[in-house]
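If you want the building blocks of each chain, they are given just below.
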Amino acid sequence: MKIYDHPTFDMACQQFDEVADYLQIPVSERDRIKYPKRAMTVALPIHRDDGRTEVFFGYRVQHHLALGPTKGGLRYHPDVNLGEVAALAMWMSWKCALTGLPYGGAKGGITCDPRSLSMTELERLTRRYTQEMIPFIGPQVDVMAPDVGTNEQTMAWMMDTYSVHVGSTVSSIVTGKPVGIGGSVGRREATGRGVGYLVNRAMDTVKLDAAKATAVVQGYGNVGSIAALSLAKNGVKIIAISDVNGGVYNRNGLDLWALDRHVAENRTVVGFPGAEPISNEDLLVTECDILVPAAMERQITANNARKIKCRILAEAANGPTTPEADKILTERPEIFIIPDILCNSGGVIVSYFEWVQDLQSFFWTETEVVDKLFRILETSFGQVLALSRKQKIPMRLAALILGVRRVQEAKKLRGLFP
Ligand code: NAD
């Protein structure tokens, strides 16, 4: 599939092929499950603040439509392209199926550096993208959410643009909105909080005492910052944390509340007093009990997989480990992996809750949201662990098998039209 040519798409395909071999999915069925149903590329001309007109490019990939509307984030990053978005959409399909949500996977993005755009430019770009996507989205068609470089404000602009087009407020068109306009309490924290919950379950499994454990977190955005906080609340000492500019390390533990104030003032963890600087490369191989990649894909590679020194690898980011690194990690059974499609599923689970609340115009308390989130995570973690132990296969393969098999079954039950 030349149009999706990209290392991250190759990686997602390799993972799928491994599962298809394991499940002995007939060759004639494979392409239908593997390749995205729809892919859109749009040109987005906007006025820059200095009066120039600049054209950006936006993408949306809807992976499969067999279980309900498609669901997935919207990413603003300089490296965004169709292949990356297609891989992320494929992973969303397996994630939604694994956790039992009535969705197919999707992902979108705009190739841009959001840090170099003003708020007004970001608003114009977001509204233009939404406008171009109107024929392809809808609460029963495709529902977006925040991802890298986007946030609640982005979702508010999208919802407003769509609602103006329809002529009435349609809050269920996106999730991850501000609570004041139909967002769900607990959505902002959901992904990181879910990571915290699953790491706790992994610590029980490998018999690691939280009070004696240390953690290293790559990425200090929505997911990384909340995951770090959730772990710290459980007694884990966070010894290193980073963002795109670099990292900070203190073997006695970082004061996360002080770090948060530092980031609010400086927009980076770099320069945080009371900690030593550390590069992102060194951070990933720092000795710790829990390693949490919470930034971008393909961070753990054949080059550093042997050097990683942790007991639990909690993949908060999507696709942080390459298949080559995965092979190396399989030969290191001392490392317990919580694979990405399970580890960061808290985000889409609470997005689903937000969509349900919007559709019924009846809102839940934070206790209800968190309780329902943890129940789904508990079931999913239990299913993945049980399959992994029963079949003596890695946690990633077990998680992917559960996801892919459910999509395969749905397609089989619905049949092929005409
Ligand atoms: P974000 O934009 O809020 O934060 C990303 C963080 O990563 C920032 O601190 C950024 O500086 C850092 N970063 C970017 N490139 C980096 C690099 N090369 N090295 C080190 N740090 C780098 O994004 P987010 O929403 O926290 O998403 C992080 C990851 O989690 C992504 O893989 C995303 O797909 C995944 N994810 C997010 C959600 C969600 O609800 N937001 C849900 C599921 C999965």
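Since the model is a prediction, treat every value here as computed from it, not as a measurement. All residue numbers refer to position in the chain's written sequence, counted from 1. Selection of residues for local features in this predicted model requires a pLDDT of at least 70, selection of side-chain atom pairs for listing and counting requires 80 or more, and totals for whole chains, interfaces and linings are taken over all residues. Just so you know, side-chain values use all the structure's heavy atoms and leave hydrogens and water out.

**Details of the packing of aromatic side chains**
Then comes step 1: Only Phe, Tyr and Trp rings take part, Trp by its six-membered ring, and two of them pair if their centres are within 6.5 Å. Stacked means planes under 30 degrees apart, edge-to-face means over 60, and tilted covers everything else. Using the criterion set out here, one finds ten aromatic pairs in the structure.
Then comes step 2: Plain terms: the ring middles of Tyr103 and Tyr352 are 5.8 Å apart, the flat faces sit at 90° to each other, and that makes the pair edge-to-face. Here Tyr352 lies in helix α12 (residues 346-360) and Tyr103 lies in the loop between α3 (82-98) and β4 (104-111), a separation of 249 residues in the sequence.
Then comes step 3: On the basis of relative accessibility, which here comes to 22%, the residue Tyr352 falls in the partly exposed class.
Then comes step 4: Seen from their ring centres, Phe353 and Trp364 are 5.4 Å apart, and the 50° between their planes marks the pair as tilted. Within this pair, whereas Phe353 is found in helix α12, its partner Trp364 is found in the loop between α12 and α13 (366-391), the two being separated by eleven residues in sequence. Accessibility classification places Phe353 together with Trp364 in one group, the buried group.
Then comes step 5: Each member of the aromatic cluster is reached from another via a ring pair, and the members are Tyr103, Tyr352, Phe353, Trp355 and Trp364.
Then comes step 6: We count a charge as sitting over a ring when the NZ of a lysine or the CZ of an arginine lies within 6 Å of the ring centre and within 35 degrees of the ring normal. Above the ring of Trp364, the side-chain terminus of Lys372 is found at 4.7 Å from the ring centroid. Helix and strand labels come from DSSP, where a helix needs a run of H or I of at least four residues and a strand needs a run of E of at least two; each type is numbered from the N terminus. We call a residue buried when its accessible area falls under 20% of the maximum for its residue type, exposed when it is over 50%, and partly exposed in between, using a 1.4 Å probe and counting protein chains only.

**Quick notes on unusual backbone geometry**
Then comes step 1: You will see that Gln24, though not glycine, has its phi angle at about 50°, which is positive.
Then comes step 2: Considering the arrangement of structural elements, one finds Gln24 in the loop between α1 (7-23) and α2 (27-34).
Then comes step 3: Gln24 sits in the exposed class, given a relative accessible area of 67%.
Then comes step 4: Backbone geometry at Ser361 places phi at a positive 50°, although glycine is not the residue there.
Then comes step 5: Within the secondary structure, Ser361 sits in the loop between α12 and α13.
Then comes step 6: A relative accessible area of 59% places Ser361 in the exposed class.

**Side note on the side chain of Asp243**
Then comes step 1: Looking at where Asp243 falls in the secondary structure, it is placed in strand β7 (residues 237-243).
Then comes step 2: In this tally, Lys and Arg are treated as positive and Asp and Glu as negative; His is ignored, and so are the chain termini. Basic side-chain nitrogens of Lys or Arg form a salt bridge, by our definition, when they fall within 4 Å of a carboxyl oxygen of Asp or Glu. Nearest to the buried, unbridged Asp243 among oppositely charged side chains is Arg115, at 6.9 Å.
Then comes step 3: Here a polar contact means two N or O atoms within 3.5 Å. Within protein one must be a hydrogen donor candidate and the other an acceptor candidate, and residues neighboring in sequence count only if both atoms are side-chain atoms. A distance of 2.9 Å separates a polar atom in the side chain of Asp243 from a polar atom in the side chain of Thr268.
Then comes step 4: Here Asp243 is in contact with Tyr220, Arg267, Thr268, Val269, Val270 and Asn280, once residues within four sequence places are set aside. Only heavy atoms matter for contacts: two residues are in contact if any of them lie within 4.5 Å across the pair.

**With respect to the environment of Thr161**
Then comes step 1: You can see Thr161 is positioned in helix α5 (residues 152-166).
Then comes step 2: Along the backbone, Thr161 and Thr130 are 31 residues apart, and their C-alpha atoms lie at a distance of 6.7 Å.
Then comes step 3: Other than its neighbours up to four places away in sequence, Thr161 contacts Arg127, Thr130 and Gln131.

**Let's talk about the sheet that holds strand β10 (residues 290-293)**
Then comes step 1: Here, a strand pair is defined by DSSP locating no fewer than two bridges between the strands. Taken in spatial order, the seven strands make up an open sheet running β9-β8-β7-β6-β10-β11-β12, and their pairing is mixed. Unpaired on one side and paired on the other, β9 (276-278) and β12 (336-338) mark the two borders of the sheet. Direction aside, the axes of adjacent strands within the sheet are offset by 20° on average.
Then comes step 2: Where strand β6 (residues 214-218) meets β10, four bridges bridge the pair, whose relative direction is parallel. With axes taken as lines fitted to C-alpha atoms, and helix axes fitted only over the stretch in contact, angles between N-to-C directions fall between 0 and 180 degrees.

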